[in-house]
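# An overview of the molecular structure
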Amino acid sequence: MSTGTGTGSGKSTAAWRNWAGNVSARPAREVTPASVEELAAEVRRAKTDGLKVKPVGTGHSFTAAAATDGVLVRPELLTGIRKIDREAGTVTVEAGTPLKRLNAALAREGLSLTNMGDIMEQTVSGATSTGTHGTGRESASISAQITALELVTADGSVLTCSEKENPEVFAAARIGLGALGVISAITFSVEPVFFLTAREEPMTFDKVTSEFDALYAENEHFEFYWFPHTGNCTTKRNNRSAGPAAPPGKISAFVEDEILSNGLFQVVNSLGRAVPATIPGIAKISSKALSARSYTDIPYKVFTSPRRVRFVEMEYAVPREALVETLRELKTMVERSGLRISFPVEVRTAPADDIALSTASGRESAYIAVHMYRGTPYQAYFTAAERIFTAHEGRPHWGKIHTRDADYFAQAYPRFGEFTALRDRLDPDRLFGNDYLRRVLGD
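All values derive from a computational prediction rather than experimental measurement. (Residues numbered from 1 in each chain as written. Predicted model: local features only at pLDDT ≥ 70, side-chain atom pairs only at ≥ 80, totals over all residues. Heavy atoms only, no water.)

## Digging into the sheet that holds strand β11 (residues 158-162)
Strands in a sheet are paired, the pairing made by backbone hydrogen bonds, and the direction either parallel or antiparallel. Taken in spatial order, the five strands line up as β7-β8-β12-β10-β11 in an open sheet, and their pairing is antiparallel. Either end of the sheet is taken by a strand with one partner, and the two such strands are β7 (81-85) and β11. In this sheet, neighbouring strand axes are inclined to one another by 15° on average, regardless of whether the strands run parallel or antiparallel. Looking at chain direction, β7 and strand β8 (residues 90-94) are connected through four bridges and run antiparallel. (Pairing = 2+ DSSP bridges. Helix = DSSP H or I, 4+ residues; strand = E, 2+ residues; numbered from the N terminus. Axes fitted to C-alpha atoms, helices over the stretch in contact; angles between N-to-C directions.)

Listed below in structure tokens is the structure:
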């Protein structure tokens, strides 16, 4: 076991493990730089020592995107807001800042991101580098809200990237997979804080799929969950509101978010893992347990939810017009198989964007996410689901389990070659490489 020494380091290395526990690695050393200058020095030092470099956030990716046997960069000292520019409507934030801290800080300043995913544990750089998204008719992923970023490249230099400065790097690095360098700061577009009214209600699978186009068109943010082994869904519509805030009552929130969505769900999944035959019956009860409710609050309190039940996940983006057919095929597959699925299937949407490796690059997209409780065999389910997703030109989420490789992505992404050519220019020696990047981007 080696011990890091030098700028921002000094930790003994230990096995690193991601949130879900399905990926681990043992880096040669860990470093925790406290400034962009220290980060650049660590990158140069690693290159001198012949070690690869990978930054890691909170480990919420289910892939080995951050795994390394070289230098693991911990960003916990690179946190906080650098600058708020109210005239430009932007905030510049250090790369290691957790989204939950950014959201709270922005709210205190009367500001908000336009859209976000359904959890906020990740660092801003980890979330954006893997293409984290929420759901939205017009508002896109967190990465699409980036207006500039600061990147430490393989030679230890610091690039500022925006539409005007290093625009070709900006076009790619907003979802860079850690392949182009280490992000040290990100500038996001923000707006004055606003209210969202959430309307949650049960709906049958047949109704939500037959009316999906209308539900999508009528709501700024629409998503739903289908419970396998049932014909039941839970829908959520988030739309801007004049307010005032009317959050769920404490008892209601505790029952819905803590008991049903976390505590009872944990018990149910543990039972299902031990006795799989109980899952279809439990699913029928679970799918009816969540009642209709409506509440109003500031955005991050509506978009995000606590997720304490650990799982593994696969998510694919398909063209939005292919969603209903894809989902119906998934339902048929589950019904005809002997699979026992205790987690609901999540469905969201995103508008087309202009980021080279965004799952919504150049096309309106719908996302289908399948989950399995941690410790439950997932391969058969995910393999069968992936076969359906890829038949519909699916693009897997970069931070979630999939088996696709560079040959597949070269066909799936019109600008894939643009990204890999940029990588060849910025990191010809693959200082930021690892096995995952070798598979998805090629050598």
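Next, the rest of the story.
## Some details on the pairing of strand β15 (residues 221-226)
Of all six residues in β15, six are buried, a share of seventy percent or more. Going residue by residue along β15, you find His221, Glu223 and Tyr225 tucked away on one face and Phe222, Phe224 and Trp226 tucked away on the opposite face as well. In this structure, β15 lies alongside strand β16 (residues 232-241), joined through six bridges in antiparallel fashion. If you follow Glu223 over to β16, its bridge partner there is Lys236. Counting the residues in the hairpin turn of β15 and β16 gives five residues, including His229, whose phi is positive at 75°. Pairing of β15 with strand β19 (residues 345-350), which is carried by three bridges, proceeds in the antiparallel orientation. In the strand pairing of β19, Trp226 is matched with Val345. (Buried < 20%, exposed > 50% of the residue type's maximum accessible area, 1.4 Å probe, protein only.)

## Section: the nonpolar core
The biggest cluster of nonpolar side chains holds 55 residues, and the ones touching the most others in it are Phe188, Trp398 and Leu441. Once residues within four sequence positions are removed from consideration, Phe188 is found in contact with Gly89, Thr90, Val91, Val93, Leu102, Leu113, Val124, Thr128, Ile142, Gln145, Ile146 and Thr147. Listed in part, the 43 residues of the second largest apolar core include Val208, Val318, Leu339 and Ile388. (Core = buried A, V, L, I, M, F, W, Y, C linked by side-chain atoms within 4.5 Å. Contact = heavy atoms within 4.5 Å.)

## Side note on the packing of helix α10 (residues 323-336) against helix α11 (residues 379-391)
The geometry of α10 relative to α11 is characterised by a closest axis approach of 10 Å and an angle of 150° between their N-to-C directions. Taken together, the axes of α10 and α11 lie roughly antiparallel to each other. Viewed along their axes, α10 and α11 form a crossing whose handedness is right-handed. Here Thr326, Glu329, Leu330, Met333 and Val334 of α10 come into contact with α11, specifically with Tyr381, Ala384, Ala385, Ile388 and Phe389. Of the residues in the contact of α10 with α11, the class split is eight nonpolar, one polar and one charged. (Parallel < 35°, antiparallel > 145°, perpendicular 65-115°, else oblique. Left-handed = near helix turned anticlockwise from the far one by under 90°. Nonpolar A, V, L, I, M, F, W, Y, C, P; charged D, E, K, R; others polar.)

## Some words on the confidence of the model for the chain
Of the residues in the chain, 90% reach a pLDDT of 70 or more, and the chain-wide mean stands at 91. Below pLDDT 50 for its whole length, residues 1-10 participates in 31 contacts with residues either more than four positions away or in separate chains. (pLDDT = per-residue confidence, 0-100.)

## Brief notes about helix α1 (residues 36-48)
Taking 1.5 Å of rise per residue, 13 residues should cover 18 Å, and α1 covers 18 Å from first to last C-alpha, within 8% of that figure. Taken residue by residue, α1 has Val36, Leu39, Ala40, Glu42, Val43 and Ala46 as its buried positions. Looking straight down α1, one finds that the buried residues subtend no more than 160° of arc, so they occupy a single side. Opposite the packed face of α1, turned more than 90 degrees from it, sit the exposed residues Glu37 and Thr48. Phi for Gly50, located one or two positions after α1, is positive at around 70°. (Expected span 1.5 Å × (residues − 1). Arc of directions from axis to C-beta.)

## Concerning the packing of aromatic side chains
The description of two aromatic rings rests on the distance between their centres and on the angle between their planes. If you walk through the whole model with that rule in mind, you get 17 aromatic pairs. Summarising the aromatic geometry, the rings of Tyr378 and Phe382 are spaced 5.0 Å apart at their centres and angled 45° between planes, so their arrangement reads as tilted. As far as burial versus exposure is concerned, Tyr378 and Phe382 are alike and both buried. Grouped by ring-pair contacts, the aromatic residues Trp398, Tyr408, Phe409, Tyr413 and Phe416 constitute a single cluster. The ring of Phe170 carries Arg174 above its face, with NZ or CZ at 4.3 Å from the centroid. Looking at Arg404, its charged tip hangs above the ring of Tyr408, at a distance of 5.1 Å from the centre. (Phe/Tyr/Trp six-rings, centres within 6.5 Å; stacked < 30°, edge-to-face > 60°. Lys NZ or Arg CZ within 6 Å of the ring centre and 35° of its normal.)

## Topic: helix α2 (residues 99-108)
Every buried residue of α2 is accounted for by Leu99, Leu102, Asn103, Ala105 and Leu106. All buried residues of α2 lie within an arc of 170° about the axis, which places them on one face of the element. Against β7, β8, β9 (111-112), α3 (124-129), β12 (182-189) and α9 (299-303) lie the buried residues of α2. Following α2 by one or two positions, Gly110 adopts a phi angle in the positive range, close to 75°.

## Some thoughts on the side chain of Arg320
Looking at the secondary structure, you find Arg320 in the loop between β18 (311-319) and α10. Note on Arg320: relative accessible area 18%, which makes it buried. When sequence neighbours within four positions are dropped, the list of residues in contact with Arg320 reads Phe212, Asp213, Tyr216, Glu364, Ser365 and Ala366.

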